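Structural features, examined
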Amino acid sequence: MGNLWIGPPGAMVEIDQAAKSFDRTADLGISEYKSIGGRATLTRNLSPVRRLKLAWDLLAPAHARALDRIARRVDRPGPVFVVDPAAGNVLAPAQAAGLGVAGATGITGLTQWFKVTTGTVTENTGTPGTYLFTAADTTSLVAWRCVDTIGNFPATPGLQVSFRAPTAIAAIGTVSVGIDFKKADGTYLSTLSATGAIVSGTVPANAAYLTPTAKPGTAGAYSLAGACLTYGGGTAENSAPGDGLPPMSVTNYTDAPGRPLPYRTISLDLVEVSSATG
């Protein structure tokens, strides 16, 4: 398991000290109503909201200052991203399973993937709600979007990343995969590539975003289920459940002097937000 990283794309801070408490329970948004007769009725939000509660004792001054600046939005007004060391796959849950996003506004199966060269991404008519990449030839390449921002995946220099192709594509002997790194303005920087189903490496200097890609190398239709993009150390695993990488905002913050000084006791509460600019 890797360390926690937190901050904006291109400027995430690595916190290498383990938190004394770490609660990542999602808010399911369930309300229960009981009738006079004792029967229960439940209502539930369409999508659970991720919440994080983090606390550190005797945190080193440099890390404490970094978290203080993030909580008070000193360097940027918008939310931040949190690379959760307990998350094994930062692809969205439905995306990792090769599914459309039921009930999501503005998010369809086709917004989760896109063709880079030839080929098409289409819904599987034989199994509605599942998606296929049809490679037209040996050069056909499919790429993944960050569903939580409908764009590139946030990253930062020095972060370890690993990507594994979907199960069906990984089984092809001609498969190759890559991770395209991009600058803060979205322009192309460099590519990390590998022959086979898995590519792993370190985000280079000046990178703020990344886009994983897969090339079957053989024409045909392939399920998009089973892909994995992992951050912070470790190798991407086959069919690891998607956890997502949503923008988050700090909703509560405490900062107290530690004993001995200059160490600090810090806690942060964060909640998933619906906009990367809010």
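Notes on the structure in this doc start here. Just so it is clear, the model here is predicted, and its values are computed rather than measured.

1. Some details on the sheet that holds strand 2 (residues 13-15)
Taking strand neighbours across the sheet as the criterion, the three strands line up as 2-1-8 in an open arrangement whose pairing is antiparallel. Strands at the two margins of the open sheet, each flanked by one partner only, are strand 2 and strand 8 (81-83). This sheet shows a mean twist of 20° between the axes of neighbouring strands, independent of strand direction. With three bridges joining them, strand 1 (residues 4-7) and strand 8 adopt antiparallel strand pairing. For Gly7, the partnering residue across the bridge sits in strand 8 and is Phe81.

2. Observations concerning the pattern of salt bridges
By the definition in use, this model includes eight salt bridges. With its nearest N and O atoms 2.9 Å apart, the salt bridge here joins Asp243 to Arg24. Here the residue Asp243 occupies a position in the loop between strand 20 (228-231) and strand 21 (248-257), and Arg24 occupies one in the loop between strand 3 (21-23) and strand 4 (26-27), the gap between them amounting to 219 residues. Among the charged side chains, a network of salt bridges with common partners joins Arg24, Arg50, Asp84 and Asp243.

3. Digging into helix 1 (residues 61-71)
Along helix 1, the residues that are buried comprise His63, Ala64, Ala66, Leu67, Asp68, Ile70 and Ala71. Close packing links the buried residues of helix 1 with strand 1, strand 2, strand 7 (49-59), strand 21 and strand 22 (264-272). Backbone geometry just downstream of helix 1 places Arg73 in the positive-phi region, at approximately 55°.

4. So, the packing of aromatic side chains
Remark: the centre distance and the inter-plane angle together describe each pair of aromatic rings, the angle taken between the planes. In the structure shown here, the tally under the stated rule is two aromatic pairs. Relative to Tyr131, the ring of Trp113 lies with its centre 5.6 Å away and its plane at 35°, an arrangement referred to as tilted. Pair noted here: Trp113 is in strand 9 (residues 113-115) and Tyr131 is in strand 11 (residues 131-135), with a separation of 18 residues, a long-range link. As far as burial versus exposure is concerned, Trp113 and Tyr131 are alike and both buried.

5. Some words on the sheet that holds strand 10 (residues 120-123)
Read from one edge to the other, the open sheet built from three strands follows the order 10-11-19, with strand pairing classed as antiparallel. Strands at the two margins of the open sheet, each flanked by one partner only, are strand 10 and strand 19 (220-223). Within this sheet the neighbouring strands show an average axis-to-axis angle of 30°, counted without direction.

6. With respect to the pairing of strand 15 (residues 176-182)
Burial within strand 15 is extensive, with seven of its seven residues counted as buried. Burial of strand 15 is two-sided: the residues Ser176, Gly178, Asp180 and Lys182 facing one way and the residues Val177, Ile179 and Phe181 facing the other way are all buried. Across seven bridges, strand 15 lies against strand 16 (residues 188-195) in antiparallel orientation. When the bridges of strand 16 are listed, Val177 appears paired with Ala194. Linking strand 15 to strand 16, which pair antiparallel, is a turn of five residues; within it Gly186 sits at a positive phi near 90°. Where strand 15 and strand 18 (residues 209-215) come together, seven bridges link them in antiparallel fashion. In the sheet register, Gly178 faces strand 18, and the bridge partner there is Thr213.

Thresholds, definitions, all that
- Residues numbered from 1 in each chain as written.
- Predicted model: local features only at pLDDT ≥ 70, side-chain atom pairs only at ≥ 80, totals over all residues.
- Heavy atoms only, no water.
- Pairing = 2+ DSSP bridges.
- Helix = DSSP H or I, 4+ residues; strand = E, 2+ residues; numbered from the N terminus.
- Axes fitted to C-alpha atoms, helices over the stretch in contact; angles between N-to-C directions.
- Salt bridge = Lys/Arg side-chain N within 4 Å of Asp/Glu carboxyl O.
- Buried < 20%, exposed > 50% of the residue type's maximum accessible area, 1.4 Å probe, protein only.
- Contact = heavy atoms within 4.5 Å.
- Phe/Tyr/Trp six-rings, centres within 6.5 Å; stacked < 30°, edge-to-face > 60°.

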